[in-house]
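# Per-entry structural report
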Amino acid sequence: MVMEDSDAPHHLLLLRAFMAQGVVHKQPLLFAAPMKEPRSFLGALPAPVASSKEDARQRAMGGGAAGDGRASDEGLRIAWQYRKYFGDERNSNAEHRDNKQEFSHDFDLRKPLERHLLNAQHIECLSTQDVDTLHDLQNRSSAFLSKHQRKEGGNLSAGRIAIQSLCAPQCGYFGKDWDMVSFLRSLKAMVRSSNAVAIITFPYTVLSDSFCKRWQHLADTLLSIKAIPDEDKDLAKLLTGYQDMVGFLHVHKVAQTNSQVPVILEASTFSLKLRKRRSLVLERLNQAPVDGSSGPSSGGSGSCSSSTQGSQLDF
Amino acid sequence: PPPQLEAEMEEYGAGDLLSEAMCAGARVVVVEDCVEAPAAFVLHLLLKRALAAGGGGGGGAALLALAQPFSHYDRVLRKMGCNLSMHRKSERLHFFDLQGFPGGTQGGAIADSLAQLYSAVQRVVETCRAGENAGRFTVMIDDVSLLEVAANGSADDVLDFLHYCVTLTSEMNCSLVVLIHEDIYSSEDGVGLLAHLRYIADLVIKAAPLSTGLATDVHGQLSVVNKGMLIEQRPAKGQKVWSFHFKVKENGADFFYPGSRH
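What you see is a predicted model, and the numbers here were worked out from it, not measured in a lab.

The secondary structure content of chain A amounts to eight helices and eleven strands. Within chain A, buried positions represent 47% of all 315 residues. In chain A, of all internal contacts separated by at least 6 residues, the share reaching a separation of at least 24 is 75%. Working note: accessible area of chain A is about 16,700 Å², and carbon and sulfur atoms make up 49% of it.

Spelled out as structure tokens, the structure:
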């Protein structure tokens, strides 16, 4: 789940990449948004960057940095690195040459996906605007997920559910707090037993603190986005590459499926950068070390509430 | 103690700070956590101990699971050396899959569904007590905040259900362990679910983050408050409040005082 910054639409960058990747790999997609015509949003999905044969070969060999010493300036990419699960690369290349097996894509945000890809049957869209209950979304999600139950022996077909701004004021069911959290609980259980992933963004500031916490607890993985201003001299001094940065992505928690051990990341805050306005890059943000003491916790160290006194990096 | 005895002690829960802190005979245990410091691991530990074959009598447990499917608990506890599938088959563990609870039509009253659930739990407890299994029985709820969502916000109905479960603890020699997300209620006015639970608890175990956040060697701090009476209505002996750090591992958890880790 992704906590939106209501001042900026950067969560859409994540959704576009998530959805585009699904479309490119012909994975079933269910998209819901508080728009009159959610299907029109598909026109904003970015096309993969056309890669040369050299790039493809290099990627198949496991990454840019190793072999020829040329440093990769890609940083982190939003991708599921399935590559490592295919044992013998030679086999997988031979079998899947036609299927464009590469799972990790760079997307060109200035270029829309080809139209014919968007007309596929496995792409469903649903509007959450002007509907006064979540029944329809729940039923459609249930039907979508039941088509993708997990099978023994595994299957490579994964379903994707993308829900934009689930609690936005434009949604007809806005204000029905218990209904919304009930829907989330139900969706979580359905997704868990299926071969699908759901990404839900939400403008958390319209929720009460109490319900915001309920939503946060329900998330397996919880992210938040904060926009940064265009011209901040202090930040420009602190951060390299500030000109390309549009915001920060913070990882509050990571899914612990089948495990009780928390996932500790080396860095939990990333900068969202738009390279040449066309590719989205996440880069680890190195902050000055926090003064650690083993005293009692002041609580709320992961608080999502915006603080008027805190620094821009504090969120 | 020699390594083998230490391993045994660890397996049955003796000898760590949490067991020391938990007074024997606590009937109602409330575990509190927050987004930054989840405490499901405490439930897993207590479940493992509840099912452990210590003392010859053997234990039994009923897990009312709203948060996760059985497969999750099975895999987690397996890594801790406890085979839930086996316990479920031998009916030492009664697993209630409540991910879809109450299910059915929206029209049905939640009070009825909760009453039915309580009857089912009561039957299980009675059956266990009647059998040769004279050991302690534990009813565990993961978690109460989700039960409130299932009840569509009716905290009164959830409280009624919990009070019935509490009566089981005195009538049937069993204990009740519940997990609740404390940060959901901290902004609320008035006396809600959390306040009620704290009131009826014999023991409150609360997980909180450190001010420095998550680190690889310390995941948070646990405070244990012994507030209740033992059987015979005598006040709980020993130290009332304990506070220490914890680190969660796949096979359990380490508890230690700050600065004492080697």
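Still more ground to cover, so stick around.
Moving on to the nonpolar core. Counting residues in hydrophobic clusters, the biggest one holds 125 residues, and the most contacted among them are L166(A), W215(A), L64(B), F161(B), I205(B), L222(B) and F255(B). It is helix α6 (residues 110-130) of chain B that provides the largest number of residues to this core, a total of nine residues. In terms of nonpolar packing, the next biggest core, distinct from the first, is built from 21 residues, M19(A), F31(A), A33(A) and A120(A) among them.

All names here are of chain B. Topologically, G192 is positioned in the loop between α9 (182-185) and α10 (193-200). On the basis of relative accessibility, which here comes to 21%, the residue G192 falls in the partly exposed class. For the pair formed by G192 and A111, sequence separation is 81 residues and the distance between their alpha carbons is 18 Å.

What follows deals with the sheet that holds strand β1 (residues 28-33) of chain B. Residue and element names in this part refer to chain B. Taken in spatial order, the nine strands make up an open sheet running β3-β2-β4-β5-β1-β6-β7-β8-β9, and their pairing is mixed. Of all strands in the sheet, those with a lone pairing partner are β3 (93-97) and β9 (252-256), marking the two edges. Here the strands of the sheet are splayed against their neighbours by 20° on average, with no regard to which way each runs. Judged from the five bridges that link them, strand β4 (residues 137-142) and strand β5 (residues 174-181) form a sheet pairing that is parallel. Paired with I141 across the strands is V178, a residue of β5.

What follows covers the environment of S208(A). Turning to its location among the elements, S208(A) is positioned in the loop between β7 (196-202) and α7 (209-218). At 3.2 Å, the side chain of S208(A) forms a polar contact with the backbone nitrogen of F211(A).

Applying the stated criterion to the full structure yields 17 salt bridges over all chains. A salt bridge links K213(A) to E36(B); its shortest N-O distance comes to 3.7 Å. Of this pair, K213(A) sits in helix α7 while E36(B) sits in the loop between β1 and α3 (40-51), each in a different chain. In terms of burial, K213(A) and E36(B) fall into one category: buried. Salt bridges sharing partners connect three or more residues here, namely E124(A), R140(A) and K147(A).

Once that is clear, we can look at the pairing of strand β2 (residues 29-33) of chain A. All names here are of chain A. Counting buried residues in β2 gives five out of five residues, a clear majority hidden from the surface. Of the two faces of β2, both are covered, the one formed by L29, F31 and A33 as well as the one formed by L30 and A32. Here β2 pairs with strand β5 (residues 123-127) via five bridges, running parallel. Pairing of A33 across the sheet is with S127, part of β5. Across four bridges, β2 lies against strand β6 (residues 159-163) in parallel orientation. By the bridge assignment for β6, L30 is matched with I161.

Rules of the game
- Residues numbered from 1 in each chain as written.
- Chains lettered and ligands numbered in written order.
- Predicted model: local features only at pLDDT ≥ 70, side-chain atom pairs only at ≥ 80, totals over all residues.
- Heavy atoms only, no water.
- Helix = DSSP H or I, 4+ residues; strand = E, 2+ residues; numbered from the N terminus.
- Buried < 20%, exposed > 50% of the residue type's maximum accessible area, 1.4 Å probe, protein only.
- Contact = heavy atoms within 4.5 Å.
- Areas by Shrake-Rupley, 256 points an atom, 1.4 Å probe, with all protein chains shown as cover.
- Core = buried A, V, L, I, M, F, W, Y, C linked by side-chain atoms within 4.5 Å.
- Pairing = 2+ DSSP bridges.
- Axes fitted to C-alpha atoms, helices over the stretch in contact; angles between N-to-C directions.
- Polar contact = N/O pair within 3.5 Å; in protein donor to acceptor, adjacent residues only side chain to side chain.
- Salt bridge = Lys/Arg side-chain N within 4 Å of Asp/Glu carboxyl O.

Function cannot be read off these values alone, since they describe shape.
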